[in-house]
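Chain by chain, the residues run as shown.
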Amino acid sequence: MKSFLLISLLLVLVPSVRAQQVGLIANTDGRKTVSLDGQWQAIVDPYESGFYNYRYQPSDNGYFKNAKPKSKSDLIEYDFDNSDSLKVPGDWNTQSEQLFFYEGTIWYKKSFDYQRRPNTRLFVYFGAANYQADVYLNGQKIGQHTGGFTPFNFEITNLVQNSGNFLIVKVDNKRRRDAVPTLMTDWWNYGGLTRNVKLVETPATFVHDYSIQLQQGSRDRISGFVKLSGDKLNQKITVRIPEAGIGKSFTTDRNGVAAIDFNADLKLWSPDNPKLYDVIIEAETDRITDQIGFRTIETKGTEILLNGKPIFLRGVCIHEEAPLRGGRANSREDAQTLLGWARELGANFVRLAHYPHNEFMIREADRMGIMVWSEIPVYWTILWENPDTFENARNQLSEMIARDRNRAAVVIWSVANETPLSDARLSFLKNLISHARSLDRTRLISAAMERHYIDATTQMIDDPLGEYLDVLGCNEYVGWYDGLPDKADRLEWKSKYQKPLIMSEFGGDARYGHHGDALTRWTEEYQENLYRHQLAMLKRIPFLRGAAPWILMDFRSPRRPLPKIQDYWNRKGLISNRGEKKKAFYVMQQWYRELQ
């Protein structure tokens, strides 16, 4: 069954008004979709002269007009049709050596014809664009989106023509101090239309959003909502789960919303049995099908309970780096390779760092029975007191939850990573946590917090953020940034909170094939030795309920220039960027086999 996610927007058809977003998940079954993937014409524009005039004012005749000379004397200084092209989905950095380090603006253009059916609506859908996208159809601005890792779409029902349409997207990946993430990160700033682009046709009134999950604390009662969009909002809605013999009807209110609540005898989703059900939502004007798993996730004291039973999260961190070829991962095959390696390691859990990964990762995790920690890029030194920065983070959190709230694999929403203590930071993150819970109370909330030494041999977890989290997350690099590997043998961990801990990062760098003794940095032997000492330490933490070493596979990072060792790769992977398993992989694999 093919499926897609459509993040719907309150429509913006005037350039001066910014689009607002509300979430929805829908399916291609019974709906016409047209892929716009493939080669797009592209113009590199480092000075943004296609957007601003020489007085640095927005131009009325920018590149979005796709202008053509009307006579041999006309002066037009750009031409999409004779420009180079870039593949979509894809990052521009790995498609051209000249663009490898490029940060700035590139204009994309795609031409298409479309015969729209009567009584339908048409949306242009973007899986993601890093980082800010200004979108134009036939020379008219239809909206703007900020944030590099979540989907968005705009309605083009009244703008599309039967032939000769041109879609132009200005994508700008410049890092900004007030952005989310901010200026400094430890991953590559891949720019471009990095995920799928498509046209999606819906009925005039369609299923706009829905949540169909087990009620918090219950293993036999489903609750949630269905929301319609269109001009016929008051309708009968039926939710069917044919395999379970379920068919329940409800009526939407004048806002198009129906609350869903009914008993269900279901086989529960788990890593050992990743059961997915076909769930059908039928309105009078629309019908969609999704595949949904049902499970509960909660905490009790220092335990994490899946379907009411204690579970240890045998995990690993993953960046959205494409295996083998490099660049931004964006396909089902990429997801299958990365998650296949995680399962080979013995993982039942992955931390998708440090931003929402593409939907294929979540869908494949659903099918493979791998639990997911999904987070937004509130990373390191965000501008905590800037209201616009908060709204940006809040919007990315909303979009992440809207896309994946019906995926059983997602068990943890994370709001931050390694953020320094301050009152402003705590207020910022508390508000994000409250917002996440207002959107979804069926999952756990976590973050990678701060911790500190209270003496030479004791690490204390007392970050005030821990009071508001369900699961504590801590990153530590004992043996790499913090002493030598045997330092871990002398450490004790304490926590102010009676809550479960996931050690959300640990590890050290090694270049595959680089060998030496157990105390020679950058060698596989050093990394292997570090992992042995780490695991001995982790086994002594009484409240540890999960581990996610950093990281599954080497990934590109401009912070890592060491020649002949890093060469702009973070080498902490258990697997090299060419798919070669390092010695530490087998150390971790052995522990996970013992835990099983």
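My aim in this report is to walk through the structure given alongside it, one point at a time. (Residues numbered from 1 in each chain as written. Predicted model: local features only at pLDDT ≥ 70, side-chain atom pairs only at ≥ 80, totals over all residues. Heavy atoms only, no water.)

## Structural notes on the overall build of the protein chain
For clarity, the threshold we go by: The way it works is that DSSP assigns letters per residue, a run of H or I at least four long becomes a helix, a run of E at least two long becomes a strand, and they are numbered from the N terminus. Note on method: radius of gyration uses C-alpha positions; expected globular size equals 2.2 Å times residues raised to 0.38. Here's how the labels work: a residue is buried when its accessible area is under 20% of the maximum for its type, exposed when over 50%, partly exposed in between, all with a 1.4 Å probe on protein chains only. Any two residues having at least one pair of non-hydrogen atoms within 4.5 Å are treated as being in contact. Accessible surface area values rest on a Shrake-Rupley calculation with a 1.4 Å probe, where residue burial reflects the displayed protein chains alone. Only four residue types enter the charge count, namely Lys and Arg as positive and Asp and Glu as negative; His and the chain termini do not. A charged residue contributes its charge at one atom only: NZ of Lys, CZ of Arg, CG of Asp or CD of Glu.
Helix and strand counts for the protein chain stand at 6 helices and 37 strands. The C-alpha radius of gyration computed for the protein chain amounts to 25 Å, which stays within 12% of the reference 25 Å derived for 596 residues, consistent with globular compactness. The principal-axis extent of the C-alpha atoms belonging to the protein chain is close to 75 × 60 × 45 Å. Each of the 596 residues in the protein chain was classed as buried or not, and the buried ones make up 60%. For the protein chain, long-range pairs separated by at least 24 residues make up 72% of all intrachain contacts whose partners lie at least 6 apart in sequence. As displayed, the protein chain offers around 23,200 Å² of accessible surface, 46% of which is attributable to carbon and sulfur atoms. Distance from the positive charge centre (77 side chains) to the negative charge centre (73 side chains) of the protein chain: 3 Å.

## Observations regarding the packing of aromatic side chains
The condition that has to hold: In summary, the pairing rule links any two rings of Phe, Tyr or Trp, Trp by its six-membered ring, whose centres are within 6.5 Å, and it sorts them by plane angle into stacked for under 30 degrees, edge-to-face for over 60 and tilted for everything else. Each ring is checked for a lysine NZ or an arginine CZ that lies within 6 Å of its centre and within 35 degrees of its normal; such an atom marks a charge sitting over the ring.
This structure, assessed with the given rule, holds 34 aromatic pairs. When the centroid spacing of 4.8 Å and the interplanar angle of 40° are considered together, the rings of Phe100 and Trp188 count as tilted. Of the two residues, Phe100 is situated in the loop between strand 7 (85-88) and strand 8 (105-112) and Trp188 in the loop between strand 13 (165-172) and strand 14 (197-203); the sequence distance between them amounts to 88 residues. Note on Trp188: relative accessible area 4%, which makes it buried. Taken together, the ring pairs connect Tyr63, Phe64, Tyr78, Phe80, Trp107 and Tyr136 into an aromatic cluster. Across the ring face of Tyr477, the terminal group of Lys572 is positioned such that the distance to the ring centre comes to 5.9 Å. In this arrangement the basic side chain of Lys581 is found over the ring face of Phe585, its NZ or CZ atom lying 5.5 Å from the centre.

## Observations regarding the sheet that holds strand 32 (residues 472-475)
Within a sheet, each strand pairs with its neighbour through backbone hydrogen bonds, oriented either parallel or antiparallel. What counts is decided by this rule: A strand pair is defined by DSSP finding two or more bridges across the two strands. Angles run from 0 to 180 degrees between N-to-C directions of axes, and those axes are lines fitted to C-alpha atoms, restricted for helices to the stretch in contact.
Reading around the barrel, the 8 strands line up as 25-26-27-28-29-32-34-35 and close back on themselves, with parallel pairing between neighbours. Taken over all neighbouring pairs, the strand axes of this sheet differ in orientation by 30° on average, direction set aside. Summarising the sheet, strand 29 (residues 444-449) and strand 32 pair through 2 bridges and their orientation is parallel. Counterpart to Ala448 in the pairing with strand 32 is Gly473. On the sheet, helix 4 (residues 423-439) packs against strand 28 (410-417) and strand 29 and is oriented at approximately 160° with respect to strand 28.

## Some thoughts on the sheet that holds strand 5 (residues 33-35)
Strand order in the open sheet made by the 4 strands is 5-14-9-12, with antiparallel pairing throughout. The open sheet has two edge strands, strand 5 and strand 12 (152-155), and neither has a second partner. Looking at each pair of strands side by side, their axes are set apart by 20° on average, direction ignored. Where strand 9 (residues 120-126) meets strand 14, 7 bridges bridge the pair, whose relative direction is antiparallel. When the sheet's bridge partners are listed, Phe126 is paired in strand 14 with Val197.

## Considering helix 1 (residues 332-345)
Going by this rule: A helix is expected to span 1.5 Å multiplied by its residue count minus one. The arc in question is formed by the directions pointing from the helix axis toward the C-beta atoms.
Look at helix 1: 20 Å from first C-alpha to last across 14 residues, which is about the 20 Å you get at 1.5 Å a residue. Within helix 1, burial applies to Asp334, Ala335, Leu338, Leu339, Trp341, Ala342 and Leu345. Angular distribution of buried residues about the axis of helix 1 spans 150°; they occupy a single face of the element. For helix 1, the secondary structure elements touched by its buried residues are strand 25 (313-318), strand 26 (349-352), helix 2 (359-368) and helix 6 (583-595). The positive-phi residue at the C-terminal boundary of helix 1 is Gly346, with phi of around 105°.

## So, the pairing of strand 19 (residues 257-263)
Of the two faces of strand 19, the one holding Ala258, Ile260 and Phe262 is buried and the one holding Val257, Ala259, Asp261 and Asn263 is not buried anywhere. Pairing analysis gives 7 bridges linking strand 16 (residues 221-229) to strand 19, with the strands arranged antiparallel. Pairing of Val226 across the sheet is with Ala258, part of strand 19.

## Quick notes on the packing of helix 1 against helix 6
Using the following cut-off: Geometric relationships in this document are graded by angle, where less than 35 degrees denotes roughly parallel, more than 145 denotes roughly antiparallel, 65 to 115 denotes roughly perpendicular, and other angles denote oblique. Put simply, Ala, Val, Leu, Ile, Met, Phe, Trp, Tyr, Cys and Pro go in the nonpolar bin, Asp, Glu, Lys and Arg in the charged bin, and everything else, Gly too, in the polar bin.
One can describe the packing of helix 1 onto helix 6 by two numbers: an axis separation of 8 Å at closest approach and a directional angle of 60°. Taken together, the axes of helix 1 and helix 6 are oblique relative to one another. Across the interface between the two elements, Trp341, Glu344 and Leu345 of helix 1 pack against Phe585, Met588, Gln589 and Tyr592 of helix 6. A class-by-class count of the residues in the contact of helix 1 with helix 6 yields 5 nonpolar, 1 polar and 1 charged.

## Some words on the environment of Ala518
Among the secondary structure elements, Ala518 is positioned in the loop between strand 34 (501-505) and helix 5 (524-538). Here the alpha-carbon distance between Ala518 and Glu528, two residues 10 residues apart in the chain, equals 7.7 Å. Each residue touching Ala518, except ones within four places of it in the same chain, is listed here: Glu525, Tyr526 and Asn529.

## Describing helix 2
Because an α-helix completes one turn every 3.6 residues, residues spaced three or four positions apart along the sequence face the same direction. Short version of the rule: In protein, a polar contact means a hydrogen-donor-capable atom and an acceptor-capable atom, both N or O and within 3.5 Å, with residues adjacent in sequence counting only if both atoms are side-chain atoms; elsewhere, any N or O pair within 3.5 Å suffices.
With 8 of 10 residues buried, helix 2 lies mostly within the body of the structure. Taken residue by residue, helix 2 has Glu359, Met361, Ile362, Arg363, Glu364, Ala365, Asp366 and Met368 as its buried positions. The distance from a side-chain oxygen at the start of helix 2 to the backbone nitrogen of Phe360 is 3.1 Å, and the residue carrying that oxygen is Asn358. Positive backbone phi, at 80°, marks Gly369, one or two positions downstream of helix 2.

## Things to note about unusual backbone geometry
The peptide bond linking Asn130 to Tyr131 adopts the cis configuration, its omega dihedral lying at 15°. Structurally, Tyr131 can be placed in the loop between strand 9 and strand 10 (132-137). Not every positive phi belongs to a glycine, and Asn66 is a case in point at roughly 50°. The topology assignment puts Asn66 in the loop between strand 6 (38-44) and strand 7. We note that Asn119 has phi near 60°; this positive angle belongs to a residue other than glycine.

## Looking at the pattern of salt bridges
Side-chain pairing between opposite charges can occur once the charged atoms of the two side chains come close. How we decide: Any Lys or Arg side-chain nitrogen located within 4 Å of an Asp or Glu carboxyl oxygen qualifies as a salt bridge.
Overall, the coordinates contain 43 salt bridges when judged by the stated rule. The partner of Glu103 in a salt bridge is Arg175, with the nearest N and O atoms 2.8 Å apart. Remark: Arg175 occurs in the loop between strand 13 and strand 14 and Glu103 occurs in the loop between strand 7 and strand 8; sequence separation between them is 72 residues. Glu103 sits in the partly exposed class, given a relative accessible area of 29%. Exposure remark for Arg175: the relative accessible area of 41% places this residue in the partly exposed category. A salt bridge links Arg405 to Asp209, with the nearest nitrogen and oxygen atoms 3.1 Å apart. Placement of the pair is Arg405 in the loop between helix 3 (387-404) and strand 28 and Asp209 in strand 15 (residues 206-214), with a sequence separation of 196 residues. A residue is classified by how much of its surface remains accessible, and Asp209, at 7% relative accessible area, is buried.

## Considerations on the side chain of Gln589
Secondary-structure assignment places Gln589 in helix 6. A polar contact of 2.9 Å, which involves the side chain of Gln589, links it to the backbone oxygen of Glu344. Discounting residues that sit within four places of it in the chain, Gln589 has contacts with Glu344 and Leu345.

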